[in-house]
Amino acid sequence: MIYQVSHKTIYRYRSPVSFGNHVACLSPRSLPHHACEWSELQIDPPPSNRHERIDYFGNRLTLFSISDPHSELKVEARSRVNVDSEFRKWGDASASWEETAASVPSDRSRSGLDAYQFAFESPRIRLNESFARYARLSFRTGRPFGEALLDLTARMHQEFRFDGNATNVRTTPDDVFRLKRGVCQDFAHVQIACLRSIGLPARYVSGYLRTYSAAGGAQLAGGDVSHAWVATYCANAGWLEVDPTNNIVPSEGHVTLAWGRDYGDISPLRGIILGGGREHSLEVRVHLQPAA
Amino acid sequence: MAANASLLPNSVHDPFSNYAFTDAYDEMFAAPGRPRPHYQKLYRRMLQQSADELQRSKQQADISFLNQGITFTVYGREEGTERIFPHDLLPRVISGAEWDVIERGLKQRVQALNLFLRDVYHERRIIKDGIIPGELLYTCSQFRRHMRGIKIPRDIYVSICGTDLIRTPDGNFVVLEDNLRVPSGVSYMLTGRRVMKEIFPRLFHQCGVRPIEHYSQALLATLRSLTPDGRAHPRIVLLTPGIYNSAYFEHAYLARQMGIELVEGRDLLVHDNVVYVRTTSGLQRVDVIYRRVDDDFLDPLTFRQDSALGAAGLFNAYRAGNVVLANAVGTGVADDKAVYAYVPAIIRYYLGEDPVLNNVETFLMTNETERAHVCGNLHRYVVKAVGESGGYGMLVGPHSTREQQDEFRKRILADPRNYIAQPTLALSTAPCFTDDGRIEPRHIDLRPYVLYGADEITVVPGGLTRVALRKGSLVVNSSQGGGSKDTWVLYQ
């Protein structure tokens, strides 16, 4: 499946901004079976300088500054991504989940070492015993990794309600867990907290979601804005992805943008501005269209 | 106890007559009345002085400190926070032979720690080879993921370091802490020496004390050696968090000594990945920043967004190689107190040598057996938070109440990675003047300063000897009511 992605962000400031320094994480990663054929970032007003770099997690960042006074900042990321059906296909995840939890700390392979660093607390995801208790209801003794993971995802989908007004970007996983409400970012954070608190590596994946199924099935939540889901590491099968917001295993309908320990590592656009007044408004529009 | 008769001059006054010995190693006396060889000259001089003379010298020194405005700030107190730095008149003397060992050990340590930092931000061989657990790195708040793969000029991460040493009862120096981020205190070493020279002008020559006054120039040379290639006349600045920082006196002092600008974040501007300083003659490009601002506050775009102490975009300029920061970003991963426990292994791994200076025995609270043992015997241990410095967030077991121990036990169990424990050590003692004009032993440590430049490693012969001024106290941090002494390293 080939997609044309458009992700538009508009900041409107109360008074002019004289100088702005920004970092965008808006260019999709290129991965095996997930080719970002091209991508571009249009910035208005035109930046006085821009640089690209790859961050610690391998994501593509664009750094730019604007030194002309402006009261509106528009950033549009457009790209073409080819996702084939092999992408995200699970390997054999039938070994017990405890095998992964036990082997990862001493795994010296490249993938094992890389995965292990996602097994700990991160700035926005603090662990506690209640996440572990919740996870263990699915991750029962000796249960196959894949089966337990699907069960946890299904339970979360059943017990948490999608509610765009219940939380904001600063809501902690702890609060979401109590409220049992939130958006994709919140559910991803909670599921990551559950997995890490029982010793499994888990990372936060940002991207886009096709909001209708190819077969004309049900509408999925999380479209028209950025989406977020979870990947967890299974010693035999590698990274397994799940989408707790929709209770599905991501496949051709999900386009991966970036990944990190939590939202804070890969927020799409952040910056420091001089001026702008007390308030600003933010408008985000995402459009994902299957290409001809 | 009486002094050795052969050393006693005609005067009847002996200021050491009530000197009470403890189990600790005493820097001055091998036994009652028997000063160690390198203290002999000082000892005789003290015996020649009357109590009144000593008291006058002491007052003279206090006034000198006050007039020079040598102060520091104590956080977390309601009464005034800015203090005169308490200084003890009697110098601490180190023989040339002892110093040789210290110097060799410090150079070895800073070399190994720099190799370690280069490795953790690049290949991570030390983890792949199983020498230190990866967990230690990934749970360290000072591990800066942004630093991965960045090429640092000459691979020097730590160019300025202040290592805390103590002397144990067997007379050996051991390392208590590495300070690899923004170590402070060197200005007290320098100003303390100047005051001592005013008061005892002849004694320095008579005793054969090595000079330390070249420190500021050595620091400047070190910073200059890190200049990016092709910048023939580098502009070097000292970045301070500002007047409310506890070490602001030192920042101003060092900038003045080196003849470089003292700047705050708001004086800097980053444009197109180049750092500029605003001056009266317009923007001037900056090449090297001796920064006394913590990583977290350096650049709101990369680190803490609420920081106004740094400059937005500074890290990108650094990454692009257009400006050098000393010390580098992310050095805190090597002075994490849990990583400290592995430093001897780190030295063996990178240098293939045995450590010249040993560590203090350290218990990691992430280890279940060690944790259980320490939690059951908190009255015997010193517990420290791994990311803290300056004596904050610390429990000294033998001097703690039951409530304090319970509080720390709770904290350890809630967050084991954040704590380590060490046995309570009898820090060595040295004679100090007390407020009532007597001389009594007080516990001391030593913080020598190491400079690691592109051309050489310099350890200025001396350091800051910190004194626990309260009787019996083992806490020497100036922020916790400690003072200092001049440190004399002899030629012999």
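Residues numbered from 1 in each chain as written. Chains lettered and ligands numbered in written order. Predicted model: local features only at pLDDT ≥ 70, side-chain atom pairs only at ≥ 80, totals over all residues. Heavy atoms only, no water.

### Examining the pairing of strand β4 (residues 60–66) of chain A
Residue and element names in this part refer to chain A. Along β4, six of the seven residues are buried, which leaves the element largely enclosed by surrounding structure. As paired elements, strand β1 (residues 2–27) and β4 share six bridges and run antiparallel to each other. Each bridged residue has a counterpart across the sheet, and for V23 the counterpart in β4 is L63. Two elements, strand β3 (residues 49–54) and β4, share six bridges in a ladder whose sense is antiparallel. Each residue of the ladder has a partner; that of H51, found in β4, is L63. The hairpin formed by β3 and β4 contains five residues between the paired strands, and G58 there has a positive phi angle of roughly 90 degrees. (Buried < 20%, exposed > 50% of the residue type's maximum accessible area, 1.4 Å probe, protein only. Helix = DSSP H or I, 4+ residues; strand = E, 2+ residues; numbered from the N terminus. Pairing = 2+ DSSP bridges.)

### Observations concerning the pairing of strand β22 (residues 449–452) of chain B
All names here are of chain B. Burial along β22 is two-sided: Y449 and L451 facing one way and V450 and Y452 facing the other are all buried. Here strand β6 (residues 160–167) pairs with β22 via three bridges, running antiparallel. Bridge pairing in β22 places C161 opposite V450. Of the strand pairs in this sheet, β22 and strand β23 (residues 457–459) are connected by three bridges, and their pairing is antiparallel. Residue V450 lies in a different strand from β23, and its bridge partner there is V459.

### With respect to the domain arrangement of chain A
All names here are of chain A. According to the domain assignment, chain A consists of domain 1 (2–84 + 267–290) and domain 2 (97–250). Averaged C-alpha coordinates put domain 1 and domain 2 at centres separated by 26 Å. Domain 1 puts ten residues into the contact, and the matching count from domain 2 is nine residues. Both sides together, the interface formed by domain 1 and domain 2 hides about 840 Å², and carbon and sulfur atoms give 58% of it. Our enumeration of links across domain 1 and domain 2 arrives at zero salt bridges. One can count three residue pairs in polar contact (both at pLDDT 80 or more) joining domain 1 with domain 2. Listing elements by their share of the side of domain 1 that touches domain 2, those giving two or more residues are β1 and β13 (280–290). Taken together, the residues that form the side of domain 1 that touches domain 2 break down as eight nonpolar, one polar and one charged. (Domains from an automatic or database assignment. Contact = heavy atoms within 4.5 Å. Buried area = accessible area lost by both parts, 1.4 Å probe. Salt bridge = Lys/Arg side-chain N within 4 Å of Asp/Glu carboxyl O. Polar contact = N/O pair within 3.5 Å; in protein donor to acceptor, adjacent residues only side chain to side chain. Nonpolar A, V, L, I, M, F, W, Y, C, P; charged D, E, K, R; others polar.)

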